[in-house]
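Geometric and topological summary
Here is what each chain is made of, one letter per residue.
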Amino acid sequence: MQFARRLVLIVLAMLGLAMGQARANPMLLVDMDSLQVLYAQDAGAPWHPASLTKLMTAYVTFEAIAAGKVTLDTPVVLSQNAINQAPAKSGLPKDSAMSLKDALYIMLVKSANDVAIAVAETVGGSEDQFVVMMNETAARMGLTASHFVDPNGLHAAGQEMSARDLAVLSLYIRQNFPQYDAMFSTDMVQVDKFSLESNNALLTSFAGTTGMKTGFICASGLNMVVTVERNGHRLLAVVLGGSSARDRNERTAELVLRGLNGELNGTAQNILSVTNNIGTPAVDMRQLICGKGAAAYVKAQEAAFPMGMKGQPSYLNDDVAPRVYQATNLGRVRPNIDLPRPRPMHVAVFPVAVAEPVIAGLDATLRPGLPVAGGSAIPFPRPRPSFLN
């Protein structure tokens, strides 16, 4: 009965939005050093993550590298299954090969759906097995509102995460795998004739932005996870369901600025104590973003939040030099012919030894007293010691 009542309320809310009413979507701001929640709005609501899914795809891959199952030089080949994915894509033809390092850059910067599948097939042996690994990892992390159906975030009814879970996952990435930070802060990847650009406008227009990922499908609206470092403060913001890139980017920048300026005193809540709304269906934004109600919805959102529109002020006024990464197309695979060996510099950038703390960090006793799901869990993100603040 309670589930049915929630469903009715969601339907009524969606009907109201289709008639031109603005809505407030999930937003979350976290201090990355103390793990304190500075602002939360519907942070536990299940949502379609879209390409924010690739954050988990990256994390599972980082674990596989740390465990010695693959290396940054392991060849990744675009299979027919990978090529069949909907855009955004790398633009490379079937059977093209690249190093796993280059594939991760292309997947995270361009949000290439074909490369995400190829990475999953390389690391997991098959896409389906990799998805099993994603869900197992989510369970170990305590991401109770998260479920994965594919590794790239293209629409699937059961593909869900909450702002809370996205924040915790992002904190794990930053804490356990800092050697890969550059992958999330890069604005452009060049490969062959292609210049593959990020959709994260904050990287080049909001000083201090260090990553991480954007995402969009009609069912989710425009999503974003951003990390920013300024004046000794490290903040992580999650904004879901934007009506446009402008709406998403400006709302995220405003939220971060309010945190940096001390306007948000916090909720006295640690991000790990934020509860998820388990059992509540994820909101489906398709009618509002891509359907008949889109024009009215976008107009209402613009009226409610005009920042960045023509003639209006913007929070995105900084001129930050783009960070560019050069990837290498190793060519198309031919039977019985070995792939060219990648340049030696690929090995030197991220020494394998750096991953050692991650293996040790799988011991859940590093945070005694916290519940461990399934008997084995990734250690929860830890606040920085006070002397580092």
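Everything discussed here concerns the structure shown above.
Below is a short write-up of the structure. All values derive from a computational prediction rather than experimental measurement. (Residues numbered from 1 in each chain as written. Predicted model: local features only at pLDDT ≥ 70, side-chain atom pairs only at ≥ 80, totals over all residues. Heavy atoms only, no water.)

1. A short note on the sheet that holds strand β10 (residues 324-326)
Reading across from one edge, β6-β5-β10 is the order of the three strands in this open sheet, with mixed pairing throughout. Where the open sheet ends on each side, the last strands, each with one partner, are β6 (194-197) and β10. Each strand of the sheet is rotated relative to its neighbour by a mean of 20°, with strand direction disregarded. When strand β5 (residues 188-191) meets β10, the two strands line up parallel, connected through three bridges. Bridged to Val-189 within β10 is Tyr-325. (Pairing = 2+ DSSP bridges. Helix = DSSP H or I, 4+ residues; strand = E, 2+ residues; numbered from the N terminus. Axes fitted to C-alpha atoms, helices over the stretch in contact; angles between N-to-C directions.)

2. Comments concerning the sheet that holds strand β2 (residues 37-41)
Strand pairing in a sheet is mediated by backbone hydrogen bonds. Such pairs are either parallel or antiparallel. One open sheet holds the five strands; their spatial order is β2-β1-β9-β8-β7, and the pairing between them is antiparallel. Two strands lie at the open edges of the sheet, namely β2 and β7 (209-217), each paired on one side alone. Ignoring strand direction, the axes of neighbouring strands in this sheet form an average angle of 10°. When strand β1 (residues 27-31) meets β2, the two strands line up antiparallel, connected through four bridges. Opposite Leu-29, over in β2, you have Tyr-39 as the bridge partner. Its contacts with the sheet place helix α7 (residues 163-176) against β1, β7, β8 (221-230) and β9 (233-242), and it is angled at close to 140° to β9. (Contact = heavy atoms within 4.5 Å.)

3. As for α7
Along its 14 residues, α7 runs 20 Å from first to last C-alpha, staying within 8% of the 20 Å computed at 1.5 Å per residue. Within α7, 13 of the 14 residues are buried, which leaves it mostly tucked inside the rest of the structure. (Expected span 1.5 Å × (residues − 1). Buried < 20%, exposed > 50% of the residue type's maximum accessible area, 1.4 Å probe, protein only.)

4. Focus on the side chain of Glu-250
Structurally, the position occupied by Glu-250 is in helix α10 (residues 245-260). For the buried Glu-250, no salt bridge exists, and the shortest N-O distance to an oppositely charged side chain is 6.3 Å, to Arg-246. Looking at Glu-250, its side chain comes within polar contact range of the main-chain nitrogen of Tyr-315, at 2.9 Å. Not counting residues within four places of it along the chain, the set of residues in contact with Glu-250 comprises Phe-305, Met-307, Gly-308, Ser-314, Tyr-315 and Leu-316. (Lys, Arg positive; Asp, Glu negative; His and termini not counted. Salt bridge = Lys/Arg side-chain N within 4 Å of Asp/Glu carboxyl O. Polar contact = N/O pair within 3.5 Å; in protein donor to acceptor, adjacent residues only side chain to side chain.)

5. Observations regarding the packing of helix α2 (residues 53-66) against helix α5 (residues 113-124)
Working note: a packed helix pair is described by the angle between its axes plus the distance between those axes. Close contact between α2 and α5 brings their axes to 11 Å; oriented N to C, the two are set at 30°. Of the possible angle classes, the one that applies to α2 and α5 is roughly parallel. Between α2 and α5 lies a crossing of left-handed hand. In contact with Lys-54, Thr-57, Thr-61 and Ala-64 of α2, α5 contributes Asn-113, Ala-116, Val-119 and Val-123. Here the contact of α2 with α5 is composed, by residue class, of four nonpolar, three polar and one charged. (Parallel < 35°, antiparallel > 145°, perpendicular 65-115°, else oblique. Left-handed = near helix turned anticlockwise from the far one by under 90°. Nonpolar A, V, L, I, M, F, W, Y, C, P; charged D, E, K, R; others polar.)

6. Comments concerning unusual backbone geometry
The step from Pro-87 to Ala-88 runs through a cis peptide bond, and the omega angle for that step is 10°. In this structure, Ala-88 sits in the loop between α3 (80-83) and β4 (97-99). Residue Gly-211 is joined to Met-212 through a cis peptide bond whose omega torsion reads 15°. As for its position among the elements, Met-212 is in strand β7. One non-glycine residue with positive phi stands out, namely Asp-42, at about 55°. Positionally, Asp-42 belongs in the loop between β2 and α2. Under the relative-accessibility criterion, Asp-42 is labelled partly exposed at 44%.

7. Focus on the pattern of salt bridges
For the coordinates displayed, the defined rule picks out nine salt bridges. Ionic pairing is found between Arg-140 and Glu-63, a salt bridge with its closest N-O pair at 2.9 Å. Residue Arg-140 is located in helix α6 (residues 127-141), and its partner Glu-63 is located in helix α2; the two are separated by 77 residues in the primary sequence. Glu-63 gets classed as buried once you look at its relative accessible area, which sits at 14%. Asp-318 serves as the salt-bridge partner of Arg-230, at 3.4 Å between the closest nitrogen and oxygen. Here the residue Arg-230 occupies a position in strand β8, and Asp-318 occupies one in the loop between α12 (294-304) and β10, the gap between them amounting to 88 residues. Note on Asp-318: relative accessible area 31%, which makes it partly exposed. Three or more residues are tied together by salt bridges with common partners; here these are Asp-33, Glu-229 and Arg-234.

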